[in-house]
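A look at the structure
Residues per chain are reported as follows:
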Amino acid sequence: MTRLPSHFYAMIDPAGGHEPVSLAETILAAGVRIMQLRLKDAPGRDFLAAARAIAGLCRRRGAILIVNDRVDIAMLADAHGAHLGQQDLPLEAARRIAGPDKIIGISTHTVEQARAAENGGADYVGFGPMYSGGLKNIAAGMGLDNLRAIRAAVRIPIVAIGGITEARVPETLAAGADAAAIITDVVNAPDIGAKVRSILALARP
């Protein structure tokens, strides 16, 4: 995977109180091309059911579905790939399960981690948390200078995440991110579809 299909990487997360499948339907209808299903507290059975339903929706609309944390659920749901944190299955082990054709993204927080992910065969890296606040209520973000350092260190796509709002997308892209992942600013919006369309309409730098 040499490039991401959009500068907006949508996150299906129940933080705003939305049911995952209906949230996915809403953002797909608004034009999203890549999304991640992030169900940190869901039992495996419920996670798989949601992943299977959303994978079907994504296939019908030609969108990419990435499953957070769980390579097994990504495979069982026939999603396009998985996204793994530093504490999840190692990249090499995940690749053995997923095979060469699935997308694997790795969360990174340092230049060293980003280089290791690229050298290990990751398709993209996540980098953050970018800013304070956000879903995890981060005290201090990594900021644009650290993002620029990651951009200088790796060639694979970078998805920036953490405290990013619609207003901050342009500066995040200008600093080297290929896409911005946004949770709170989208799931708490009064009109999610309108918010997504507004983010998608932002010009790439």
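Note that the structure is a prediction, hence the values are computed from the model and not measured.

Under the defined criterion, the tally for this structure stands at 1 aromatic pair. Over the ring of Tyr131 we find Arg168, and its NZ or CZ is 4.1 Å from the ring centre.

By secondary structure assignment, the location of Thr172 is in helix α7 (residues 169-174). Given the relative accessible area of 0%, Thr172 is considered buried. Within the structure, the side chain of Thr172 is placed 2.7 Å from the backbone oxygen of Arg168, a separation counted as a polar contact. Beyond its immediate chain neighbours, meaning those up to four positions away, Thr172 contacts Tyr131, Leu144, Leu147, Ala160, Ile164 and Ala177.

Attention now moves to a nonpolar patch on the surface. A cluster of nonpolar residues, Met75, Leu89 and Ile97, forms a patch on the protein surface that exposes about 240 Å² of accessible area. Mapped onto the elements, Leu89 comes out in the loop between β4 (81-84) and α4 (91-98). A relative accessible area of 39% means that Leu89 is categorised as partly exposed.

For the rest of this paragraph, the subject is the nonpolar core. Judged by nonpolar contacts, the single largest core of 74 residues is most densely connected at Tyr9, Ile27, Met35, Leu37 and Ile54. With sequence-adjacent residues up to four places away left out, Ile27 is seen in contact with Ala10, Ile12, Val32, Met35, Ile192 and Val196.

About the cut-offs
- Residues numbered from 1 in each chain as written.
- Predicted model: local features only at pLDDT ≥ 70, side-chain atom pairs only at ≥ 80, totals over all residues.
- Heavy atoms only, no water.
- Phe/Tyr/Trp six-rings, centres within 6.5 Å; stacked < 30°, edge-to-face > 60°.
- Lys NZ or Arg CZ within 6 Å of the ring centre and 35° of its normal.
- Helix = DSSP H or I, 4+ residues; strand = E, 2+ residues; numbered from the N terminus.
- Buried < 20%, exposed > 50% of the residue type's maximum accessible area, 1.4 Å probe, protein only.
- Polar contact = N/O pair within 3.5 Å; in protein donor to acceptor, adjacent residues only side chain to side chain.
- Contact = heavy atoms within 4.5 Å.
- Patch = residues over 30% accessible without salt bridge, like charges linked within 9 Å, V, L, I, M, F, W, Y side chains within 5 Å.
- Areas by Shrake-Rupley, 256 points an atom, 1.4 Å probe, with all protein chains shown as cover.
- Salt bridge = Lys/Arg side-chain N within 4 Å of Asp/Glu carboxyl O.
- Core = buried A, V, L, I, M, F, W, Y, C linked by side-chain atoms within 4.5 Å.

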